[in-house]
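# Coordinate analysis (summary)
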Amino acid sequence: MAVLPIRKIGDPVLRSRSKEVEEITDKTRELIDNMIDSMEAADGIGLAAPQIGVLQRVIIVEIEDDLKVTINPVAVTKKGEAVAEEGCLSVPGKTGLVKRAEEVTITGLNAQGEEVKYELEGLKARAFLHEIDHLDGILFVDKALEVKEEEPEMLE
Ligand code: ZN
């Protein structure tokens, strides 16, 4: 387990598309451990594998002490619209208002390789959508209605 440096905007790894995880191996488990350590060290509420330089479709979200590891996450349904402020560990010192779905259904695998399905709303829905964007090389500043130079309250 290790705390790894978080890649910052300008690093091409953040603009690449991550690959599906075909098999959960010891390497995948090590990646997940490193993601958790790195996110917690940086005081974030979410992290995607490319943020520590690994182009695999793995995300973690930790909100209200509920840590969810999701492998190959897909937002299968989206409902409604909400605009709220976001910040990103890979975009230091900036915040932006981003329009996203208010409710989402996410499918994927957990760290044990079991199929999961989450019905989420509000901040949790937003965090999952933010992290899934990272897997497709998208950063919140690409979508933000406006970007401000300001330390965010929550970092993803
Ligand atoms: Zn982010």
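Refer to the preceding data block for the structure.
Now for a description of the structure that goes with this document. Just so it is clear, the structure is predicted and the values come from calculations on it, not from any experiment.

### Some details on the coordination of the zinc ion
Reference values for coordination geometry: four tetrahedral donors around a metal ideally subtend 109.5 degrees, six octahedral donors ideally subtend 90 or 180 degrees. Only Cys88 (SG), His130 (NE2), His134 (NE2) and Glu156 (O) from the protein coordinate the zinc ion, and they sit 2.0 to 2.6 Å from it. Every donor counted, the four donor atoms about the zinc ion form angles of 90 to 134° at the centre, which fits tetrahedral coordination. Each donor residue of the zinc ion belongs to the same chain, and together they define the spacing C-x41-H-x3-H-x21-E. Taken together, the residues span a long stretch of sequence, with His130 in helix α2 (residues 122-135) and Glu156 in the segment after β8 (146-149) at a distance of 26 residues. Of the two residues, His130 and Glu156, both sit in the buried class.

### Considerations on a negative patch on the surface
Together, Glu85, Glu150, Glu151 and Glu153 give the surface a local cluster of negative charge. By relative accessible area, Glu153 is classed as exposed at 75%.

So, how was this worked out
Residues numbered from 1 in each chain as written. Predicted model: local features only at pLDDT ≥ 70, side-chain atom pairs only at ≥ 80, totals over all residues. Heavy atoms only, no water. Donors = N, O, S within 2.8 Å, 3.2 Å for Na, K, Ca; no water. Tetrahedral: all angles 85-135°; square planar, octahedral: opposite > 155°, others 65-115°. Helix = DSSP H or I, 4+ residues; strand = E, 2+ residues; numbered from the N terminus. Buried < 20%, exposed > 50% of the residue type's maximum accessible area, 1.4 Å probe, protein only. Patch = residues over 30% accessible without salt bridge, like charges linked within 9 Å, V, L, I, M, F, W, Y side chains within 5 Å. Areas by Shrake-Rupley, 256 points an atom, 1.4 Å probe, with all protein chains shown as cover. Salt bridge = Lys/Arg side-chain N within 4 Å of Asp/Glu carboxyl O. Lys, Arg positive; Asp, Glu negative; His and termini not counted. Charge placed at Lys NZ, Arg CZ, Asp CG, Glu CD.

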